[in-house]
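Now for the letters of each chain:
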Amino acid sequence: MTNRTTDKIDFKKTLDAYQAQRGRFRMVGVPDMHYLMIDGHGDPNTSPAFTQAIEALYPTAYKLKFASKRTLGRDYVVPPLEGLWWAEDMTAFTTARHKSRWSWTLMLMVPHWIDQPMVTTAIEQAGAKQRPARINDIRLQTLPEGRCVQTLHVGSFDDEADVLAQLHHEYIPANRLRLTGTHHEIYLSDFRKVAPDKQRTILRQPVTIDSESVDPGLVS
C-alpha cells in the first residue's frame, strides 16, 4: 500500500545543494541526483534548440509531478531549471564569452522515486497534443557530482566572468583543490521574466583534492 502525504516538498528549501550565499564560496557535498536532460550547442540567446529544450522539459516535468501526486501521493514543487556548460577551450565560456562555441545540457531535477516508466509515460502525455520539437531528446539520467564549491551570483549571466575567475584561479587553488566535472548553473530566477540585474543563479563547480599539492598524510 502506498504511503500518501499531503505535504508538498520544495527541494530548494530542503536540499543543502540548493543553498548558496552571495559573495561566499562554500564547499558542499552533492548527492547523486536524477534529472530530465536535453543536450545542445550554441549561443543560448539565439539557438532555437535552447528554447526548444525548455519547451520540452517543463511540460514533461509537470506531467511527472501530477502523476507522482495522483498515483504515489507524493507532491513536490518542480525544481528550478539547471544547466551544465562547457567548451573545448573553457575560456570561451569563462572569460572570452564566445557563446557560439558553448555546449550545454539543460536539466530539471526529479525526485529519486521517479523511474524510467513514469518518465516514458510523461513524455508521451506531454507530446500528445502540441508536441514539443525536442521532446524525443529528453532522457532520465543520474548526475554524480560529489564534492563541489558553489556561490550565489546576483546579476546578468554576462557578469559571471569575474566570479568564475575568482573561483577558478583564487579559491580553488588556495584550498588545494582542482576542477573536475562540468560547470553547473542553477537558475533560481526565471530568466525569461526577471530583469538581468536581479537574476539569482547558483554557480557550482565540482572539485577534487589536488593530491600533488597536499601532504599525503593529510588526505583521508
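Above this note sits the structure.
What counts, and where the lines are drawn
- Residues numbered from 1 in each chain as written.
- Predicted model: local features only at pLDDT ≥ 70, side-chain atom pairs only at ≥ 80, totals over all residues.
- Heavy atoms only, no water.
- Buried < 20%, exposed > 50% of the residue type's maximum accessible area, 1.4 Å probe, protein only.
- Helix = DSSP H or I, 4+ residues; strand = E, 2+ residues; numbered from the N terminus.
- Pairing = 2+ DSSP bridges.
- Contact = heavy atoms within 4.5 Å.
- Salt bridge = Lys/Arg side-chain N within 4 Å of Asp/Glu carboxyl O.

Caption draft 1: Spotlight on the pairing of strand β2 (residues 26–30). With burial as the criterion, only one face of β2 is covered, namely that bearing R26, V28 and V30; the residues M27 and G29 on the opposite face remain uncovered. Relative to strand β8 (residues 146–154), β2 is paired through five bridges, and the arrangement is antiparallel. Paired with G29 across the strands is R147, a residue of β8.

Caption draft 2: Here's a closer look at the side chain of Q199. Residue placement: Q199 occurs in the loop between β10 (183–187) and β11 (200–209). Exposure remark for Q199: the relative accessible area of 6% places this residue in the buried category. Not counting residues within four places of it along the chain, the set of residues in contact with Q199 comprises H153, V154, G155, S156, F157, S189, F191 and V194.

Caption draft 3: Examining the pairing of β10 more closely. The buried fraction of β10 is high, at five of five residues. Side chains H183, E185 and Y187 of β10 all project onto a buried face; the interleaved residues H184 and I186 project onto the opposite face, where all are buried too. Both strand β5 (residues 81–86) and β10 contribute to a ladder of four bridges, which runs antiparallel. Looking at the pairing, E82 lines up with I186 of β10.

Caption draft 4: Representation of the pattern of salt bridges. Counted under the stated rule, the structure contains 10 salt bridges. Between D75 and K65 there is a salt bridge, and its shortest N-O distance comes to 2.8 Å. With D75 in strand β4 (residues 75–76) and K65 in helix α2 (residues 48–72), this pair connects stretches of sequence that are 10 residues apart. Side by side, D75 and K65 carry an identical accessibility label, which is buried. Note that E145 and R204 form a salt bridge whose closest N and O atoms lie 2.9 Å from each other. Of the two residues, E145 is situated in the loop between β7 (139–143) and β8 and R204 in strand β11; the sequence distance between them amounts to 59 residues. Across the pair, R204 and E145 agree in class, each one buried.

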